[in-house]
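Read off the chains here:
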Amino acid sequence: MKIGFLGTAAAEGIPAVFCNCETCDLSRRLGGKNVRTRSQILVNDDLLIDFPPDAYAHVLKYGIDFSAVKYVLFTHSHPDHCHPFEFIYRGKPYSHNATEPILKIYGNETVTALVQKLISHELKDDAKQTMNICAVSPYQTFSAGDYEITALPAAHTKGEDCLIYLIKQDGKTYLQFNDSGILPDSVYEFLARRNEKIDLVSFDCTHGFARVGTGRHMGALDNASERERMQKFGIVRDNTKYVITHFSHNCHSTHADLTEKAAALGFIPAHDGLIIEI
Ligand SMILES: [Zn+2]
Ligand SMILES: [Zn+2]
Ligand SMILES: [Zn+2]
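Residues numbered from 1 in each chain as written. Chains lettered and ligands numbered in written order. Predicted model: local features only at pLDDT ≥ 70, side-chain atom pairs only at ≥ 80, totals over all residues. Heavy atoms only, no water.

Novice: It is not clear to me how the layout of surface pockets should be interpreted in this structure. Could you clarify?
Specialist: Which parts of space are left empty comes out when a probe the size of a water molecule is rolled across the atoms. Estimates place the volume of the largest pocket at around 350 Å³. If you go around the largest pocket, you meet 19 residues; those closest to its centre are Phe51, Phe66, Ser67, Glu86 and Arg90. Per-element accounting of the lining of the largest pocket gives the leading share, 3 residues, to helix α2 (residues 55–62). (1 Å grid on protein atoms, 1.4 Å probe; cavity = no way out; pocket = protein on both sides within 12 Å on 5 of 7 lines; lining within 4 Å. Points joined across faces, edges and corners; volume = space filled by probe spheres on them. Helix = DSSP H or I, 4+ residues; strand = E, 2+ residues; numbered from the N terminus.)

This is the structure in structure tokens:
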């Protein structure tokens, strides 16, 4: 399984859209890995996690064929993760010769209702025929082609069932973990009961190297505690890889800073364009 980190910033991006803080100024000056778009992950060439406002920029930057994507998994309805307006352009006359005829879109009930609402005023019948929108709930396992996917409850915000996803294919297992704070034992107990062994974890590291404790996001020290808990529950391997991502400009770190501090903790800091194979 190939996991591509197309965007690695928290909601406001780095540099943030309206911000002139020192970090955002430095990001504009240094460019490269110091520029981060809103978070989106591409698994292989056909499964996206979230669809942020920068999705189209990702098509341009990486030359991806989004018409080849078969599945989109939404984590939750926050606007940096759920910006579904581009789906309007999936049908004629806006697009032709799609590689895949049908796009299946999964999310909690808040997300599926929001996606329908936001695109309904402009959605032509042709585009409607090309999309299949399915609501999923925490602890639900479903098949999408040869992926086995389990939605798990994130610790993020009240008012909707925010999700993280466990994705399995060909004996490999990936747990993506944003947006989320620290999970309750019940989630790890569920994975342990199913005898899951995760090969790659990508953590919400919104707060950089701060320790957040309880909250709706994490920092790298929280990520390290989560890794220990996963080890205690026996749901990871000795050679499991851990990526940290979804960074806020308020981390006040360049990519070089993050890389140095992350290495000391045994983490791989994501940057836009990072690809990890498991
Ligand atoms: Zn977010
Ligand atoms: Zn800033
Ligand atoms: Zn969020």
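What follows picks up the thread again.
Novice: What is the right way to look at the coordination of the zinc ion (ligand 3) in this model?
Specialist: Ideal values for angles at a metal depend on the geometry: 109.5 degrees with four tetrahedral donors, 90 or 180 degrees with six octahedral donors. The coordination sphere of the zinc ion (ligand 3), as far as protein atoms go, consists of His76 (NE2), His78 (ND1), His156 (NE2) and Asp179 (OD), spread over 2.1 to 2.4 Å. The coordination sphere of the zinc ion (ligand 3) comprises 4 donor atoms, whose angles at the metal cover 93 to 168 degrees; the geometry is irregular. Of note, the donors binding the zinc ion (ligand 3) are all from one chain and are spaced H-x1-H-x77-H-x22-D. Here the zinc ion (ligand 3) and the zinc ion (ligand 1) are spaced 3.9 Å apart, with aspartate 179 acting as a shared donor. Taken together, the residues span a long stretch of sequence, with histidine 78 in the loop between β4 (71–73) and β5 (103–107) and histidine 156 in the loop between β8 (147–153) and β9 (163–169) at a distance of 78 residues. (Donors = N, O, S within 2.8 Å, 3.2 Å for Na, K, Ca; no water. Tetrahedral: all angles 85-135°; square planar, octahedral: opposite > 155°, others 65-115°.)

Novice: I tried to follow the sheet that holds β8 on my own but got confused; where do I start?
Specialist: Think of a sheet as strands paired side by side through backbone hydrogen bonds, with each pair either parallel or antiparallel. The mixed open sheet is built from 7 strands, whose spatial order is β7-β8-β9-β10-β11-β12-β13. Where the open sheet ends on each side, the last strands, each with one partner, are β7 (141–144) and β13 (268–269). Looking at chain direction, strand β11 (residues 198–204) and strand β12 (residues 236–245) are connected through 6 bridges and run parallel. If you follow valine 201 over to β12, its bridge partner there is tyrosine 242. (Pairing = 2+ DSSP bridges.)

This is a description of form; function is not addressed.
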